[in-house]
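Observations on chain architecture
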Amino acid sequence: MKGDLTAKRLSSLVRQNVDIKNSTLITDEFKGYLGIKKFMPHKTINHSVWYVDGDIHTNTIESFWAILKRGIIGQFHWTPANILEQVADETGPVEGTIVSWVLPITEKTRISNRKQDKYPSREWACTRDFGEQFNDELRRLVVEFLIAQGGKAVAPILHEEWSRVTDPKVGLASRWSERHAAYAAGLGTFSLNRGFITPRGIAHRCGSVVTDIVMEPSARPYSDYRENCLTCRGEKCGECIKRCPVGAISEEFHDKDLCQKYTYGSEFKELKKKYGVSVTGCGLCQTNVPCESVIPEIIS
Ligand code: B12
Ligand code: SF4
Ligand code: SF4
């Protein structure tokens, strides 16, 4: 992700998109807008004093952004710009990059889960629990590394305000989606069961960090956000539907509530004790399926 909000860029965007002879620009006092006064009428409102001064206010555009933001998953959901605001100083918006990674689950663990038809294997459960602790440690290390390079960096998932959310529109979710970050970074696409399929398959865990260090963005070689999934490409598959022990996946839908109720439910209490983990996951829909460790080709 590249923010690209320098004063020069802002002026150039306004010149390209606004009828500068017949318009007046109204903004807050962000310094990046200063150059705009040179080529069109520009009024500012100082938000530390008041929000409305006669006709001068930014309320209309702010409610437009609120509607747009709600359209991007939901109002609760952080965009990379929201995270960058937290690393920005008072000079205003900064450019930045999302660093996103995928940690493929080992072959041994995948094979152990392939044999399961009701509960996850012990190896899978350990990956869910200890693997995610490792992923958190990696998030911290990447943040430290980027700070040592002179930048600012935040792992959204480790932010004190990060939380899981139940939203009326999208249901179970979180303030930051690692998979949407990975999609934006070109690492893969979503699928029928909502899992994220990368060239190393769907059985993985992923993570990300947002930084103000600007890096060359990686390519996003996909034309559709569900391109790596056979069923979504219109080919025959649906193997993950058969794998789900509670019928949470169908051709049209993944029932997040049913999936969560099962995997975090009382049936798993004994299993957690037996495996010595605090959470087991399930992932049957991510193993013994054509997309387990590759982008699947047509199956006959
Ligand atoms: C909440 C949560 C759950 C919930 C809800 C799952 C869900 N699908 O949202 C429950 C408890 C059910 C769950 C279960 C599992 N989870 Co979980 N979960 C999360 C968590 C914390 C947040 C997910 C989130 O924010 N969802 C937000 C909503 C909006 O996402 P969504 O509905 O899936 O997104 C859809 C729309 O955006 C839609 N869409 C519509 N139009 C468009 C247009 C465009 C352009 C795009 C891009 C998208 C898009 O496409 C998406 C997919 O359908 C993430 C960690 C994180 N913070 O990211 C892990 C995470 C998603 N879980 C993960 C895993 C591995 C699992 C399990 C396999 C359990 C396990 N470990 O054994 C199961 C898999 C169930 C399944 N089939 O998806 C991995 C996913 C890895 C992968 N390969 O995809 C994650 C990323 C954790 C991690 N750090 O790796 N999980
Ligand atoms: S098993 Fe088949 S239908 Fe399910 S996500 Fe993988 S490719 Fe798509
Ligand atoms: S959808 Fe949920 S319950 Fe069903 S197989 Fe996947 S992780 Fe397990």
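In every chain, residue numbers begin from 1 and rise along the written sequence. Labels follow written order: the first chain is A, the first ligand is 1, and so on. The model is predicted, so local features are restricted to residues of pLDDT at least 70 and side-chain atom pairs to those at 80 or more, both for listing and for counting; the totals for chains, interfaces and linings are taken over all residues.

**Here's the deal with the overall build of the protein chain**
Rule in force here: Strands here are runs of E lasting at least two residues and helices are runs of H or I lasting at least four, both read from the DSSP assignment and numbered beginning at the N terminus. Here, residues touch in the contact sense if the C-beta positions derived from the backbone fall within 7 Å of one another.
For the protein chain, the count of helices and strands is nine helices and nine strands. Within the protein chain, residue pairs in contact and separated by at least 24 positions form 66% of the contacts whose partners lie at least 6 positions apart.

**Let's talk about the site of ligand 1**
Going by this rule: Each residue gets a C-beta atom placed from its backbone. Should that atom fall within 6 Å of a molecule or strand, the residue is termed near it. Each residue receives one of three labels: charged for Asp, Glu, Lys and Arg, nonpolar for Ala, Val, Leu, Ile, Met, Phe, Trp, Tyr, Cys and Pro, and polar for the others, Gly being one of them.
Near ligand 1 there are 35 residues, and of these A173, E178, R205, G281 and G283 occur at the shortest range. Of the residues contributing to the shell around ligand 1, the split by class is 15 nonpolar, 13 polar and seven charged.

**So, the environment of R15**
Secondary-structure assignment places R15 in helix α1 (residues 7-17). With residues near it in sequence (within four places) discarded, R15 still touches I20 and F39.

**What about the packing of helix α4 (residues 107-114) against helix α5 (residues 122-148)?**
Applicable threshold: Interaxial angles span 0 to 180 degrees and are taken between N-to-C directions of axes, which are lines fitted to C-alpha atoms, for helices over the stretch in contact. Oblique is the label for any angle not covered by the other classes, which are roughly parallel (under 35 degrees), roughly antiparallel (over 145) and roughly perpendicular (65 to 115).
Put simply, α4 and α5 touch, their axes get as near as 7 Å, and they point 125° apart. Taken together, the axes of α4 and α5 lie oblique to each other. Only E123, W124 and T127 of α5 make contact with α4, whose side of the interface consists of K108, T109, S112 and N113. Within the contact of α4 with α5, the residues separate by chemical class into one nonpolar, four polar and two charged.

**Considering the pairing of strand β7 (residues 164-167)**
In the case of a regular strand, side chains alternate between the two sheet surfaces. Basically, it comes down to this: For two strands to pair, DSSP has to find at least two bridges joining them.
Strand direction decides the pairing type here: β7 and strand β8 (residues 171-174), joined by four bridges, are antiparallel. Following the sheet pairing, R164 is matched in β8 by S174. What sits between β7 and β8 in their antiparallel hairpin is a turn of three residues.

**Focus: the site of ligand 2**
Around ligand 2 lies a shell of 15 residues, among which S191, C229, C237, C240 and C291 are the nearest. Here the residues of the shell around ligand 2 are counted per class, giving nine nonpolar, five polar and one charged.

**Observations concerning the sheet that holds strand β5 (residues 97-104)**
Spatially, the three strands line up as an open sheet ordered β5-β9-β6, and their pairing is antiparallel. Pairing within the sheet leaves two strands with one partner each, and these edge strands are β5 and β6 (153-154). Bridge count for β6 against strand β9 (residues 204-211) is two bridges, and the pairing is antiparallel. Bridge pairing links A153 to T211 in β9.

**Some words on the nonpolar core**
Quick reminder of the rule: Structurally, a nonpolar core is described as a collection of buried Ala, Val, Leu, Ile, Met, Phe, Trp, Tyr and Cys residues joined by way of C-beta atoms within 7 Å. Exposure classes come from backbone-placed C-beta atoms, where a residue is buried if 20 or more other C-beta atoms lie within 10 Å of its own, exposed if 12 or fewer do, and partly exposed in between.
With 35 residues, the main nonpolar core has V143, A153, V154, A182, F196, V209 and V210 as its most contacted residues. Contributions of two or more residues to this core are made by α3 (80-87), β5, α5, β6, α6 (178-184) and β9. If one sorts the elements of this core by residue count, β9 sits on top with three residues. When sequence neighbours within four positions are dropped, the list of residues in contact with V143 reads A153, V154, A155 and V209.

**A look at the environment of L230**
With respect to the helices, strands and loops of the structure, L230 is situated in the loop between β9 and α7 (239-243). Its 23 C-beta neighbours within 10 Å are what place L230 among the buried residues.

**Some remarks on unusual backbone geometry**
Most peptide bonds take the trans configuration, and most residues that are not glycine carry a negative phi. In the Ramachandran plot, R194 falls in the positive-phi region, its phi being about 80° despite a non-glycine side chain. Along the polypeptide, R194 turns up in the loop between α6 and β9. The residue N288 is not glycine, and still its phi comes out positive at about 60°. Mapped onto the elements, N288 comes out in the segment after α9 (269-275). A count of 18 C-beta atoms within 10 Å places N288 in the partly exposed class.

**Focus on the environment of G171**
With respect to the helices and strands, G171 occurs in strand β8. Taking the number of C-beta atoms within 10 Å as the measure of exposure, G171 has 13 and is therefore partly exposed. With 85 residues separating them along the chain, G171 and K256 place their C-alpha atoms 7.4 Å apart. Beyond its immediate sequence surroundings of up to four residues, G171 is in contact with T166, K256 and D257.

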